[in-house]
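Residue-level listing of the chains:
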Amino acid sequence: MPRASALMYAAATAVALTLPFAAPAVAAEPGGSLTINGTTYNDARPGCYPSNAPNALVVNNTGSDAYVYADPHCRDLKELQVVAPGATGYVSGGQGVHII
């Protein structure tokens, strides 16, 4: 490599190494937390969580929708309400909360 080309290559490499690197996007915390009537499930995984009461106050800090059912085992054909990620919902008659 001629001397001028080698110097330009070295200069370009030095500039490239000093440029800031783009930080990767931060993904939502795996699982997140799900709070039902004051009971918090940290790192909530897919499944059904009982409300242990005839109604459910749901604080959904997961990355998934929380489907609230009248059945504490989440076996109803149709949910009473869906609580979106980052949202809070009070569901009269909600006895089971399912995270997918």
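Just so we're clear, the structure is a prediction, and the values are computed from it rather than from any experiment. (Residues numbered from 1 in each chain as written. Predicted model: local features only at pLDDT ≥ 70, side-chain atom pairs only at ≥ 80, totals over all residues. Heavy atoms only, no water.)

Draft legend 1. The overall build of the protein chain, seen in detail. A count of helical and extended segments in the protein chain gives 1 helix and 8 strands. Moving toward the C terminus, one meets the helices and strands of the protein chain in the order α-β-β-β-β-β-β-β-β. Per-residue burial for the protein chain yields a buried fraction of 27% across its 100 residues. On the protein chain, roughly 6500 Å² of surface is accessible, and the fraction owed to carbon and sulfur atoms is 62%. (Helix = DSSP H or I, 4+ residues; strand = E, 2+ residues; numbered from the N terminus. Buried < 20%, exposed > 50% of the residue type's maximum accessible area, 1.4 Å probe, protein only. Areas by Shrake-Rupley, 256 points an atom, 1.4 Å probe, with all protein chains shown as cover.)

Draft legend 2. Main features of the sheet that holds strand S8 (residues 96–99). What the 4 strands build is an open sheet, ordered S3-S8-S5-S6; its pairing is antiparallel. Of all the strands in the sheet, the pair left with one neighbour each is strand S3 (47–50) and strand S6 (81–83). Geometrically, the sheet is characterised by an average inter-axis angle of 30° between neighbouring strands, direction not taken into account. (Pairing = 2+ DSSP bridges. Axes fitted to C-alpha atoms, helices over the stretch in contact; angles between N-to-C directions.)

Draft legend 3. Spatial organisation of the side chain of asparagine 60. Within the secondary structure layout, asparagine 60 lies in strand S4 (residues 55–61). Here asparagine 60 falls in the buried class, since its relative accessible area comes to 0%. Those residues in contact with asparagine 60 that lie beyond four places of it in its chain are Ser33, Leu34, Asp65, Ala66, Val83, Ala84, Pro85, Gly86, Ala87 and Ile99. (Contact = heavy atoms within 4.5 Å.)

Draft legend 4. Structural view of the confidence of the model for the protein chain. Averaged over the protein chain, the pLDDT score is 81; the fraction of residues at 70 or greater is 70%. Segment residues 15–29 is flagged for pLDDT under 50; beyond a separation of four residues in sequence, or across chains, it makes 0 contacts in the model. (pLDDT = per-residue confidence, 0-100.)

Draft legend 5. Quick peek at the pairing of strand S5 (residues 66–69). Here S5 shows a buried face lined by Ala66 and Val68 and a second buried face lined by Tyr67 and Tyr69. Pairing of S5 with S6, which is carried by 3 bridges, proceeds in the antiparallel orientation. Residue pairing across strands places valine 68 opposite glutamine 81, the latter belonging to S6. Pairing analysis gives 4 bridges linking S5 to S8, with the strands arranged antiparallel. Across the sheet, valine 68 pairs through a bridge with valine 97, a residue of S8.

Draft legend 6. Expanded view of the environment of glycine 89. Mapped onto the fold, glycine 89 is located in strand S7 (residues 88–92). As a C-alpha pair, glycine 89 and valine 59 span 30 residues in sequence and 6.7 Å in three-dimensional space. Discounting chain neighbours no more than four positions away, the residues touching glycine 89 are Ala56, Leu57, Val58, Gln81 and Val83.

Draft legend 7. Region of interest: the state of the cysteines. Here the structure, examined in full by the defined rule, presents 1 disulfide. The side chain of cysteine 48 participates in a disulfide bridge whose partner is cysteine 74; the two sulfur atoms lie 2.0 Å from each other. Disulfide cysteine 48-cysteine 74: torsion about the S-S bond near 75°, hence right-handed. You can see cysteine 48 sitting in strand S3 and its partner cysteine 74 sitting in the loop between S5 and S6, a full 26 residues away along the chain. Take cysteine 74: its relative accessible area is 14%, and that puts it in the buried class. (Disulfide = S-S within 2.5 Å.)

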